[in-house]
Amino acid sequence: MKTYKQPSTVGRFGDFGGMYVSETLMPLLLNLDKSYKKIQKDKKFKKELNDLFKNYVGRPSSLHYAKNLSKYINGPKVYFKRDELNHTGAHKINNCLGQILLAKKMGKTRIIAETGAGQHGVATATVCALFSLPCYIYMGSKDIERQKPNVFRMKLLGATIIPVESGSKSLKDAMNEALRDWIKNVRDTFYIIGSTAGPHPYPKMVRDFQSVIGKEAREQILKVEKKLPDYLIACVGGGSNAMGLFYPFLNDKKVKIIGVEAAGRGAKTEETAATMTSGTPGILHGSYSYVLQDSDGQIKEAHSISAGLDYPGVGPEHSYLKDIKRVKYFGITDKEALEAFQTCSKLEGIIPALEPSHALAYLIKAFKNKHKNKVVILNLCGRGDKDLFTAAKAIGFDADE
Amino acid sequence: MNSLDTLPKKKILSLFMTCGFPTLNHSKKIFNEMLSHQPDIIEFGLPFSDPMADGPIIQEANKLALRSKLSTQQSLDLIKYLSKYKNNTSFVIMCYLNTVRKFGLNKFIKNIKNFVDGIIIVDLPFEEEGAIKKSLSKNNIHLIKLISPMTDKKRSQKLLKNSKGFIYYISATGITGSNKLDYKEINRNVKSIKKMSSVPVLVGFGIKSKKDVIDISKKTNADGVIIGSALIQKYFDLKMDFNRYLKSLKKFIKEVKV
């Protein structure tokens, strides 16, 4: 069995990935890559990060046996990797802490980030507050509207939010603007990318920082079940929570791995965010990966009820894992996700974010009355507080009644 | 023959304009106007949905062109049509890699061969250029190199080895059409580039007026300038009145052709 050793030194996952940016950014990325390689061997850095994980984030996150949901599905034993219990309510903080420590080491004095659902924005604003660095968050005006609680959180944390009015006014455009800011402020600014997307070394770096999820889950499941899980399931937008869970299991060929994308109103409609189901390989935000595009290579607007999955691209490593068939990817519609959102809340007393609700929906749909005696770990990567207004509106619940 | 190889020694003028802006028909008129002034180079921007290295003005031009459903083929046909009036002006395409990739590199080259002299692929760094550069060079199309203030000497040396056509020096660390010009820095970097390469160095990004053009030529060692955003800006300044825009464009180009 070949050991998994991606990416290559130039940031290639097979053909995917790479560095497709203008010459203004190239020297910065090469420098970032160098600095990242250096700190990987730095014991002090590791210790500092682990201390923060433990005492600031509250890691390890628990592995919860979702008994009621398992009974309802009447199939496998379902475990939730509860990264929604992290400080700031999602997995995003894992990566932000890693990157801000790196930014500090590199002597950068200004932080920028893009955000969709606002979870990465909140996590970035949080670590900036902790390390007393000025923080600028680019957020599509459409997302500002649908993620108001997170907008207020970021403001409380001292961040400046810059509304993005271009394009579809969501995550893709926020990332364009953040990249433009970086090109303009190359000397003092560190760009904390929130997903396993973007040019090398980001996809690798973000995956590495997030892989604490999978490392913990592996230990935890071995302890309670005395064996590896049969399945891993996680939602995929850019793909950072999924890569975090999947990566430490990639060499365990018996573990079947499933990524769930947001199919919006249906993977075959124009209103979808299911990049790997409906897209083709192309270049967006500095890397070669599956992307939603037309026959001329113009990037299409994505659609999903979940702002965190509303992205027409996907991390290059997912594209690679799809092509080598190590991971299977499926789409779940807005409607299916909303149903699972409610089912999980009622059955387990956990209100999930709309993002992992997609993973939950797939689990319920595909495993119902099947795969008995199997063990599943599902990454519950975010909590649903931020989505209450969106969900209430979609379900037709009037809070004033 | 590649007309970029016989550029004048000094005061080279390169004008950038987005294809299909604001519509295909109007675009033809704009380029005809530009051509009538016989600038040394015209850069044809191919519209892209996500032009991450461009500022708000060129973004808007891209958006307008794409709104009228302009295809890559139509842009390339426009350039081919205009090449009849090319005379001594060199034609250069400026675009993002996804446009070329999706169109197909070989098909792309077939469509521009013999009348396009150079191509600038904004998001194709030296590290990724391999096969593309080879195919272009086989067809006598120069892959134009960009050098930024962030590019250090060692990297510049690597990039500029065998450079052809001209070198696009990004005068400000910024996106197109933004930031102030730092003549001292420009001069220092241009000088250092000229030690490594014998092809002309043009300064682009942030050149907005006749004064900027004169200052670049007086205060720096650069061989010429590239003007882009400033040409497009006027359209929005004039509240998208196309006839007035065309007149002001004529006046502006006359001014900067010093």
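Residues numbered from 1 in each chain as written. Chains lettered and ligands numbered in written order. Predicted model: local features only at pLDDT ≥ 70, side-chain atom pairs only at ≥ 80, totals over all residues. Heavy atoms only, no water.

**Description of a positive patch on the surface**
Consideration 1: A surface patch of like charges, here positive, comprises A:Lys34, A:Lys38, B:Lys154 and B:Lys158.
Consideration 2: At the level of elements, helix H1 (26–40) of chain A together with helix H7 (153–160) of chain B are the ones that each hand at least two residues to the positive patch.
Consideration 3: Note that B:Lys158 resides in helix H7.
Consideration 4: Overall, the relative accessible area of 46% leaves B:Lys158 in the partly exposed class. (Patch = residues over 30% accessible without salt bridge, like charges linked within 9 Å, V, L, I, M, F, W, Y side chains within 5 Å. Areas by Shrake-Rupley, 256 points an atom, 1.4 Å probe, with all protein chains shown as cover. Salt bridge = Lys/Arg side-chain N within 4 Å of Asp/Glu carboxyl O. Lys, Arg positive; Asp, Glu negative; His and termini not counted. Charge placed at Lys NZ, Arg CZ, Asp CG, Glu CD. Helix = DSSP H or I, 4+ residues; strand = E, 2+ residues; numbered from the N terminus. Buried < 20%, exposed > 50% of the residue type's maximum accessible area, 1.4 Å probe, protein only.)

**What about the sheet that holds strand S8 (residues 189–191) of chain A?**
All names here are of chain A.
Consideration 1: Pairing is parallel in the open sheet, where four strands are placed in the order S7-S6-S5-S8. In the strand order of this sheet, the two ends are held by strand S7 (160–164) and S8, each with one partner. Across the sheet, the mean angle separating the axes of adjacent strands is 25° when strand polarity is ignored.
Consideration 2: Bridging between strand S5 (residues 110–115) and S8 involves three bridges; their strand directions are parallel. Counterpart to Ile 112 in the pairing with S8 is Tyr 191.
Consideration 3: Set on the sheet, helix H5 (residues 119–130) makes contact with S5 and strand S6 (135–140); between it and S5 the angle comes to about 165°. (Pairing = 2+ DSSP bridges. Axes fitted to C-alpha atoms, helices over the stretch in contact; angles between N-to-C directions. Contact = heavy atoms within 4.5 Å.)

**A closer look at the pattern of salt bridges**
Consideration 1: Within the structure shown, the criterion is met by 35 salt bridges over all chains.
Consideration 2: Note that A:Asp387 and A:Lys386 form a salt bridge whose closest N and O atoms lie 2.8 Å from each other. Both residues of the pair, A:Asp387 and A:Lys386, belong to the buried class.
Consideration 3: Where B:Lys145 meets B:Glu129, a salt bridge forms, and the shortest distance between an N and an O atom there is 3.5 Å. Taken as a pair, B:Lys145 in strand S6 (residues 145–147) and B:Glu129 in the loop between strand S4 (118–121) and helix H6 (130–138) lie far apart in primary sequence, 16 residues in all. With respect to class, B:Lys145 is no different from B:Glu129; both count as buried.

**Here we look at a nonpolar patch on the surface**
Consideration 1: A cluster of nonpolar side chains, contributed by A:Phe152, A:Leu156 and A:Leu157, occupies part of the molecular surface with about 320 Å² of accessible area.
Consideration 2: Positionally, A:Leu156 belongs in helix H7 (residues 148–156).

**Quick look at the sheet that holds strand S8 (residues 201–204) of chain B**
Residue and element names in this part refer to chain B.
Consideration 1: One open sheet holds the nine strands; their spatial order is S5-S4-S3-S2-S1-S9-S8-S7-S6, and the pairing between them is parallel. Edge strands, defined here as strands with exactly one partner in the open sheet, are strand S5 (142–143) and S6.
Consideration 2: As judged from the five bridges shared by strand S2 (residues 41–45) and strand S3 (residues 90–95), these two strands associate in the parallel manner. Bridge pairing in S3 places Gly 45 opposite Met 94.
Consideration 3: The sheet strands contacting helix H1 (residues 24–36) are strand S1 (12–18), S2 and S3, and the helix crosses S1 at an angle near 175°.

**Side note on the layout of surface pockets**
Consideration 1: Approximately 940 Å³ is the volume found for the largest pocket.
Consideration 2: Along the walls of the largest pocket sit 41 residues, with A:Gly167, B:Phe48, B:Ser49, B:Lys63 and B:Leu66 positioned nearest its centre.
Consideration 3: Among the secondary structure elements, those contributing two or more residues to the lining of the largest pocket are helix H8 (171–184) of chain A together with helix H2 (56–67) of chain B.
Consideration 4: With eight residues, H2(B) is the largest single contributor of residues to the lining of the largest pocket.
Consideration 5: Grouping the amino acids of the lining of the largest pocket by side-chain chemistry returns nine nonpolar, 15 polar and 17 charged.
Consideration 6: A:Leu388, A:Phe389, A:Thr390, A:Ala392 and A:Lys393 are the residues nearest the centre of the second largest pocket, which is lined by 20 residues in total.
Consideration 7: Here the element with the most residues in the lining of the second largest pocket is helix H16 (residues 388–395) of chain A; it accounts for eight residues. (1 Å grid on protein atoms, 1.4 Å probe; cavity = no way out; pocket = protein on both sides within 12 Å on 5 of 7 lines; lining within 4 Å. Points joined across faces, edges and corners; volume = space filled by probe spheres on them. Nonpolar A, V, L, I, M, F, W, Y, C, P; charged D, E, K, R; others polar.)

**Overview of the packing of aromatic side chains**
Consideration 1: As enumerated under the stated definition, the model contains 24 aromatic pairs over all chains in all.
Consideration 2: A centroid spacing of 4.7 Å and a plane angle of 35° characterise the contact between B:Phe31 and B:Phe44, whose relative ring orientation is tilted. In this pair, B:Phe31 is assigned in helix H1 and B:Phe44 in strand S2, connecting sequence segments 13 residues apart. Here B:Phe31 matches B:Phe44 in class, with each residue buried.
Consideration 3: Taken together, the ring pairs connect B:Phe21, B:Tyr235, B:Phe236, B:Phe242 and B:Tyr245 into an aromatic cluster.
Consideration 4: In this arrangement the basic side chain of B:Lys28 is found over the ring face of B:Tyr81, its NZ or CZ atom lying 4.8 Å from the centre.
Consideration 5: Over the face of the ring belonging to A:Tyr288 we find B:Arg101, whose NZ or CZ atom lies 4.3 Å from the ring centre. (Phe/Tyr/Trp six-rings, centres within 6.5 Å; stacked < 30°, edge-to-face > 60°. Lys NZ or Arg CZ within 6 Å of the ring centre and 35° of its normal.)

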